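Fold and contact review
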Amino acid sequence: MKRIGLVIGLVLTLVCAGCKPSDPMPGKWKLYIAGESQIPIGGNAEFKSDKTCEIRTSFGMDKWSFKGTYSIDGKTLRIDGEMEEKAPAVHSSKGPENRPAIDRKEKLVATGTLSDDFKTFRIDGKNFQKE
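Treat the numbers as computed from the prediction; the structure is a model and nothing was measured.

**A few points about the layout of surface pockets**
Here the largest pocket is characterised by a volume of approximately 190 Å³. What lines the largest pocket is a set of 13 residues, and nearest its centre among them are K28, N44, A45, E46 and E54. Mapped onto the lining of the largest pocket, the elements with two or more residues apiece are β1 (27-32), β2 (40-47) and β3 (52-59). No other element matches the 5 residues that β3 contributes to the lining of the largest pocket. Of the residues belonging to the lining of the largest pocket, the class tally is 4 nonpolar, 2 polar and 7 charged.

**Concerning the packing of aromatic side chains**
We describe a pair of aromatic rings using the distance from one ring centre to the other and the angle between the two ring planes. On inspection of all chains with the given rule, the structure shows 5 aromatic pairs. Pairing W29 with F121 gives two aromatic rings, centres 5.0 Å apart and planes at 70°, and the pair type is edge-to-face. A residue pair is termed long-range when its members are at least 10 positions apart, and W29 in strand β1 and F121 in strand β7 (residues 120-123) qualify at 92 residues. Ring centres of F47 and F121 lie 5.7 Å apart, and the angle between their planes is 90°; on these two criteria the pair is classed as edge-to-face. Of this pair, F47 sits in strand β2 while F121 is found in strand β7, placing the two residues 74 residues apart along the sequence. Under the relative-accessibility criterion, F47 is labelled buried at 2%.

**Some thoughts on the nonpolar core**
Of all hydrophobic cores here, the largest spans 19 residues; its most connected members are F47, I79 and F121. Elements with a contribution of two residues or more to this core: β1, β2, β3, β4 (62-73), β5 (76-87), β6 (102-114) and β7. For F47, the contacting residues outside a window of four places in its chain are M25, P26, G27, W29, T52, C53, I55, Y70, L77, I79 and F121.

**With respect to the environment of G112**
Locating G112 in the fold gives a position in strand β6. For G112, a relative accessible area of 5% gives the class buried. The spacing of G112 and K126 is 14 residues in sequence and 9.2 Å in space, taken between C-alpha atoms. Not counting the four nearest positions on each side in its chain, G112 is found in contact with K75, T76, L77, R122 and I123.

**Focus: the pattern of salt bridges**
In the structure shown here, the tally under the stated rule is 9 salt bridges. Of the charged contacts, one joins E84 and K86 as a salt bridge, the two residues approaching to 3.6 Å between their closest N and O atoms. Residue E84 is classed as partly exposed on the basis of its relative accessible area, which comes to 23%. Put simply, E85 and R104 hold a salt bridge, and the shortest N to O gap is 2.5 Å. Here R104 lies in strand β6 and E85 lies in strand β5, a separation of 19 residues in the sequence. On the accessibility criterion, R104 (36% relative accessible area) is partly exposed. Look at the salt bridges and you will find they share partners, linking E84, K86 and D103 into a network.

Rules behind the numbers
- Residues numbered from 1 in each chain as written.
- Predicted model: local features only at pLDDT ≥ 70, side-chain atom pairs only at ≥ 80, totals over all residues.
- Heavy atoms only, no water.
- 1 Å grid on protein atoms, 1.4 Å probe; cavity = no way out; pocket = protein on both sides within 12 Å on 5 of 7 lines; lining within 4 Å.
- Points joined across faces, edges and corners; volume = space filled by probe spheres on them.
- Helix = DSSP H or I, 4+ residues; strand = E, 2+ residues; numbered from the N terminus.
- Nonpolar A, V, L, I, M, F, W, Y, C, P; charged D, E, K, R; others polar.
- Phe/Tyr/Trp six-rings, centres within 6.5 Å; stacked < 30°, edge-to-face > 60°.
- Buried < 20%, exposed > 50% of the residue type's maximum accessible area, 1.4 Å probe, protein only.
- Core = buried A, V, L, I, M, F, W, Y, C linked by side-chain atoms within 4.5 Å.
- Contact = heavy atoms within 4.5 Å.
- Salt bridge = Lys/Arg side-chain N within 4 Å of Asp/Glu carboxyl O.

So, in structure tokens, the structure goes:
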């Protein structure tokens, strides 16, 4: 009877070990409005099995991209790399909308959180859902 219990325990352990993907990130992801998984908003990410990633967003004329590497520890996603931001100058006679053109690159380290089912993640206030 003990042997049957051990076998069942071993089988359950092996089955449950396969429940969490070893690396849930490879593939394409879409950027969505916070809390609205059905409304994409001009951004996407691609994660590759070699642990590299590229994330791009655009809002009107403003463009933001990131290229780098990623790692996962539990449900914590960490990305390291370089962020590039480009946006044209905005001139308005109304005042606070004025801003100079933006064209910059900088090193970036960001952390985010994967959902329990590993199908969504949130990083830097942005929500992504696996396609």
